[in-house]
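Per-entry structural report
In case you want the letters, here they are:
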Amino acid sequence: MKYTRKDWLLVGVAGISVGVILLILAVLLGQVVFNGAPVISMEFLTESPGADMVSGGIWPAIYGTVYVTLLMTLAGVPVGIATAVYLSEYASASSRLARLVRLAVNNLAGVPSIVFGLFGLGFFIIFVGGGMDALLNDGPTPVWGKPSILWASLTLAVLTLPVVIVTTEEALKRVPRELRDASLALGATRFQTVYKVVLPNAKSGILTGVILAVSRGAGEVAPIIFCGAANFLPYLPTDPRDMFMHLGYHVYALATQSPNVDAARPTLFGTVLVLLTLTFSLNLLAVILRARSRAAFRL
Amino acid sequence: MSESEAAIAEVPSSAKMETRNVSVFYGSNHAVRNVDLDIPDRSVTALIGPSGCGKSSYLRALNRMNDTIDGCRVEGHILLDGQNIYSRGIDPVEVRRRVGMVFQKSNPFPKSVFDNVAFGLRIGGETDKDVIAQRVEESLKGAALWDEVKDRLQSSALGLSGGQQQRVCIARCLAVWPEVILMDEPASALDPIATAKIEELIRELRERYCIVIVTHSMQQAARVSDSTAFFYMGELVEQGKTEEIFTRPTKKRTEEYISGRFG
Amino acid sequence: MIAVFALAAIVAIVLIFVFIARQAIPMFWETDFAQEASLRDLFFAKQWPGYDHPVFVWQPVGEPEKFNVVPLFVGSLKVTLLAMFMSVPLGIACAIFLALYAPRAVREVVKPAIELLAGVPSVVLGFFALMVIASWAQATFGFHFRLNAFVAAIGLALAVVPVIFTIAEDAIQSVPQTLQEAALALGARKYQVALRVVLPAALPGIAAGVVLGFGRAVGETMIVLMASGNAAVMELFDFTSSVRTVTATIAAELGEVAQGDAHWRVLFLLGVMLFAVTFVLNLIGDLIIQRLHKKLTAS
């Protein structure tokens, strides 16, 4: 096909746009790898930071990130899957409740992350935690009503709920109608059909959603700033009521609150590299799973 | 230009389009084989045959729409007014302005009726509002749709019935003043009444245009066309005046198809 | 029974709003609050002692405390609009290139690359803006402030482009092939097909993407917290000055404030307003899509 001048103009502009994005991405990744890789060592990954926050390693941050993300997953995924199951298998498309739930999910997805932080503070820490303290705790210092892994993970669970719900619903939709019909025709209840037929067949799609949610949750910093993340802790959190260090938060703290940002540069890049490696591997895993689960239903 | 090409170019002919030894390949699939067919002006030529016999592929070669398909190759000569439309210097866009196409399933743009019909003019560079308005009216009249839509030109074309949408597509095609109109099963998605209207329209358009219509309905071919070409398995089996093909076919295959023994 | 779980999303949204508002609302009747700030001062210009005309000032640590929120919203709007100005054309252009012009092999590589950008946590984008983009901008343009609205907007644009790109690309892909064929058959050139048929037909989807992107940009915290310079300056048109957004204000100041303080209440009020803004944007987005859909399918 012949291209005129205007055709080339459009292709050119569009192509350059793609080029710009790819260039920036390359620079970002390049800088992180180039500056961060020299810092990575066994010590860096397994030791605690020194008092100046720059020397030593970032092990507590890795530990804290994994801990809070794990709790977040345990709390949020079952609820998310249940909601998706309801929307996909139980509710009729036009039912008022279903529409309300979808509206809520859409809005939840759009709530700014800092507002989740305020939510964690105002609801979990002050209301629930404070309430628990009033009921269970005798002493003056708050045990429940303070920032901790527990409240941070619950807050993150609410934040990632839409991701789990949307991807799970997609996965459920991909299960062919015929499978459900066959199960029901054999006399199974709806619940049995869902539990024994639909969910197992949607397994990899659901897993994809979980992994995406984990990746998202591991990277979020704003919600945990006042819900439990700490600049520097001399101990590893063992109790859910403890505060924790976090990879993303560590980056933020070092970048904005370091007395000497230049000295902190190597540590910063190293931490970013670890964080990016974590989220990228999770995303990659999700992409591979998604491709496989789609191929499974392509006949 | 080779000798044979020069020879073809020089011989004057009353045929609007001539196809010589035309083959269409999809990759290695030889879908249309060595077709020689003349298409006369101001008449309707019908292409009939069972599904998958290559008639649509052949049709699309006539306005170089096959260019848009990856891996599709056209060989042979296709002449429009004596000029090979596939020769190197020819811009396919120019060909498509002279050879228009109406598709099997009507595909009006999600725009107003007016904007649909004016589309071809505007992309051709016409900016004069009056010229455009006048052409739109002419084309809609030419497609026997003006009376039905004249009060709702600005409403979405998608709000019309299936038959009306197809006539919008025809009007849209007419607006650029094509010389040839290719129709790929234009009424197959329509109900009988809408189909009758389209067929009547075709009979009217015949006065001014060269029309090639692909149809899987023999009755439609018999009603509407002046000459008919029967395709089978990518080959042109027989062609001739419609009356003769349907009453006195010379090839056995043609006779079998027409009497419904297969298809 | 499953329906109970499904309510979770609705409950979450309600709880978020209620418990943030709960921390802010007492300001309407608390006398302590009225002593330190009046509602009127929050939104209107006031002539403070020492100034010669009424100004909009956010200076909670000043003497007296000044709580006008207007500079913060101006800051948010500035950065967001600038980011949208950069990211919408870029995102759409990339979508056009990949959906309409790029050969399949290129598309399979570039599309995941752009979506990789979506997986980068915002704290990393903020870090990148702070460390790399700011230095580059300083070297190229010689800004007075190293961290300013422009730099923050670039960082924000990087977060928003994948949102717009993914949705626009999807919308463009969904335009039926037959419409493109119809245009080609009428003698249109490829760029005419792209700009006059495909893009208009994909408009509802693209509009949705833009609204979603805007909501994301307005609510983004970490990037602006790290890269905007954090000076609550009331400056409407200069993009090279530092700004403070609503989100950054909450994130930066809440940690320093006593619970129940006037400052505390105002910060939560900011949270409520932010929540309301994104909620409304969400609804508007839905409405736009519904209306455009009607216009393009049938009247």
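Residues numbered from 1 in each chain as written. Chains lettered and ligands numbered in written order. Predicted model: local features only at pLDDT ≥ 70, side-chain atom pairs only at ≥ 80, totals over all residues. Heavy atoms only, no water.

1. Here we look at the overall build of chain B
- Check the secondary structure of chain B and you find 11 helices and 10 strands.
- The globule rule puts the C-alpha radius of gyration for 263 residues at 18 Å, and the 19 Å found for chain B is close to it.
- Dimensions of chain B, computed from the C-alpha atoms along their principal axes, are close to 50 × 45 × 35 Å.
- Once local pairs closer than 6 in sequence are excluded, the contacts in chain B between residues at least 24 apart make up 66%. (Helix = DSSP H or I, 4+ residues; strand = E, 2+ residues; numbered from the N terminus. Rg over C-alpha atoms; globule rule 2.2 N^0.38 Å. Contact = heavy atoms within 4.5 Å.)

2. Topic: the overall build of chain C
- Scanning chain C from N- to C-terminus turns up 13 helices and 2 strands.
- Taking all 299 residues of chain C together, 58% fall into the buried category.
- When contacts within chain C are restricted to residue pairs at least 6 apart in sequence, long-range pairs at least 24 apart make up 71% of them. (Buried < 20%, exposed > 50% of the residue type's maximum accessible area, 1.4 Å probe, protein only.)

3. Here we look at the interface of chain C and chain A
- Contacts between the two partners involve 67 residues from chain C and, on the opposite side, 70 residues from chain A.
- When chain C packs against chain A, the two sides together hide about 6,100 Å² of surface, and 85% of this comes from carbon and sulfur.
- There are 0 salt bridges connecting chain C and chain A.
- The element that contributes the greatest number of residues to the side of chain C that touches chain A is helix H1 (residues 2–24) of chain C, accounting for 16 residues. (Buried area = accessible area lost by both parts, 1.4 Å probe. Salt bridge = Lys/Arg side-chain N within 4 Å of Asp/Glu carboxyl O.)

4. With respect to the domain arrangement of chain C
All names here are of chain C.
- Domains assigned within chain C are domain 1 (2–67) and domain 2 (71–298).
- Measuring from the centre of the C-alpha atoms in domain 1 to the corresponding centre in domain 2 gives 27 Å.
- Across the domain 1 to domain 2 interface the summed buried area is about 1,800 Å²; carbon plus sulfur atoms make up 79%.
- Summed over the three residues of domain 1 that lose the most area to domain 2, namely Gln23, Phe56 and Trp58, the buried surface amounts to 36% of that side.
- Inspection of the region where domain 1 meets domain 2 yields 0 salt bridges.
- Contributions of two or more residues to the side of domain 1 that touches domain 2 are made by H1, helix H2 (31–36) and helix H3 (39–43).
- At 7 residues, the largest contribution of residues to the side of domain 1 that touches domain 2 is made by H1. (Domains from an automatic or database assignment.)

5. Topic: the packing of aromatic side chains
- Going through the model one piece at a time under the given rule, you end up with 25 aromatic pairs over all chains.
- Between A:Phe123 and A:Phe127 the ring centres are 5.9 Å apart and the planes differ by 25 degrees, which places this aromatic pair in the stacked class. Of this pair, A:Phe123 and A:Phe127 are both found in helix H5 (residues 113–136), 4 residues apart, which corresponds to roughly one turn of the helix.
- On the accessibility criterion, A:Phe127 (39% relative accessible area) is partly exposed.
- Arranged with centres 5.0 Å apart and planes meeting at 25 degrees, the rings of B:Phe230 and B:Tyr257 form a pair that is stacked. Here B:Tyr257 lies in helix H11 (residues 252–258) and B:Phe230 lies in strand E9 (residues 227–232), a separation of 27 residues in the sequence. The same class applies to B:Phe230 as to B:Tyr257, namely buried.
- An aromatic cluster is present here, built from A:Phe119, A:Phe123, A:Phe124, A:Phe127, A:Trp151 and C:Phe19 joined pairwise through their rings.
- The ring of B:Phe25 has B:Arg73 sitting right over it, with the charged end atom 4.3 Å from the ring centre. (Phe/Tyr/Trp six-rings, centres within 6.5 Å; stacked < 30°, edge-to-face > 60°. Lys NZ or Arg CZ within 6 Å of the ring centre and 35° of its normal.)

6. Observations regarding the environment of C:Val61
Residues and elements named next belong to chain C.
- As for its placement among the helices and strands, Val61 is situated in the loop between strand E1 (58–59) and strand E2 (66–67).
- Judged by relative accessible area, which is 76%, Val61 ranks as exposed.
- A C-alpha to C-alpha distance of 31 Å links Val61 and Phe279, two positions 218 residues apart in sequence.

7. Remarks on unusual backbone geometry
Residue and element names in this part refer to chain B.
- The phi dihedral of Asn34 is positive, around 45 degrees, even though this residue is not glycine.
- Mapped onto the elements, Asn34 comes out in strand E2 (residues 29–40).
- On the basis of relative accessible area, Asn34 is assigned to the partly exposed category, the value being 45%.
- One non-glycine residue, Ala144, lies in the positive phi region at around 55 degrees.
- Structurally, Ala144 is set in the loop between helix H5 (129–142) and helix H6 (146–149).
- Assessed through its relative accessible area of 39%, Ala144 is described here as partly exposed.

8. Quick word on a nonpolar patch on the surface
- On the surface, A:Leu97, A:Leu100, A:Leu103, C:Leu7, C:Val11 and C:Leu283 cluster together into a nonpolar patch covering about 430 Å² of accessible area.
- At the level of elements, helix H4 (96–110) of chain A together with H1 of chain C are the ones that each hand at least two residues to the nonpolar patch.
- Mapped onto the secondary structure, C:Leu7 falls in helix H1. (Patch = residues over 30% accessible without salt bridge, like charges linked within 9 Å, V, L, I, M, F, W, Y side chains within 5 Å. Areas by Shrake-Rupley, 256 points an atom, 1.4 Å probe, with all protein chains shown as cover.)

9. Examining the environment of C:Phe5
- Inspection of the secondary structure assignment puts C:Phe5 in helix H1.
- Contact partners of C:Phe5, with chain neighbours within four places excluded, come to A:Val79, A:Ala82 and A:Thr83.

10. What to know about the pairing of E2(B)
Residues and elements named next belong to chain B.
- Here strand E1 (residues 15–26) pairs with E2 via 8 bridges, running antiparallel. Opposite Met17, over in E2, you have Ile39 as the bridge partner.
- The loop that links E1 with its antiparallel partner E2 comprises 2 residues; one of these, Gly27, has a positive phi angle of about 65 degrees. (Pairing = 2+ DSSP bridges.)

11. As for helix H4 (residues 70–101) of chain C
- The end-to-end C-alpha distance of H4(C) is 45 Å, a good match for the 46 Å that 32 residues give at a rise of 1.5 Å each.
- Along H4(C), 25 of the 32 residues are buried, which leaves the element largely enclosed by surrounding structure. (Expected span 1.5 Å × (residues − 1).)

12. Thoughts on the packing of helix H7 (residues 162–174) of chain B against helix H8 (residues 192–205) of chain B
Residue and element names in this part refer to chain B.
- Look at H7 against H8: their axes get within 9 Å of each other, and the N-to-C directions meet at 20 degrees. Viewed along their axes, H7 and H8 adopt a mutual orientation that is roughly parallel. Crossing hand, H7 versus H8: right-handed. Residues Gly163, Gln166, Arg167, Ile170 and Leu174 of H7 form the contact with H8, whose own contacting residues are Ala194, Lys197, Ile198, Leu201 and Leu205.
- Among the residues making up the contact of H7 with H8, the classes are represented as 6 nonpolar, 2 polar and 2 charged. (Axes fitted to C-alpha atoms, helices over the stretch in contact; angles between N-to-C directions. Parallel < 35°, antiparallel > 145°, perpendicular 65-115°, else oblique. Left-handed = near helix turned anticlockwise from the far one by under 90°. Nonpolar A, V, L, I, M, F, W, Y, C, P; charged D, E, K, R; others polar.)

13. A short note on the side chain of B:Asn116
All names here are of chain B.
- Secondary-structure assignment places Asn116 in helix H4 (residues 113–123).
- A polar contact is formed between the side chain of Asn116 and the backbone oxygen of Lys111, at a distance of 3.3 Å.
- Excluding residues that lie within four positions of it along the chain, Asn116 makes contacts with Pro108, Phe109, Lys111, Ala157, Val168 and Arg172. (Polar contact = N/O pair within 3.5 Å; in protein donor to acceptor, adjacent residues only side chain to side chain.)

14. Description of H5(B)
Residues and elements named next belong to chain B.
- Over its 14 residues, H5 runs 20 Å from end to end, which matches the ideal 20 Å to within 8%, given 1.5 Å per residue.
- Looking only at H5, the buried set comprises Ile132, Arg135, Val136, Ser139 and Leu140. Buried residues in H5, looked at end-on, bunch into an arc of 130 degrees, giving them a common side.
- Buried-residue contacts for H5 involve H4, H6 and H7.
- Of the residues flanking the start of H5, the one acting as N-cap is Asp128, its side-chain oxygen 2.9 Å from the backbone nitrogen of Asp130. (Arc of directions from axis to C-beta.)

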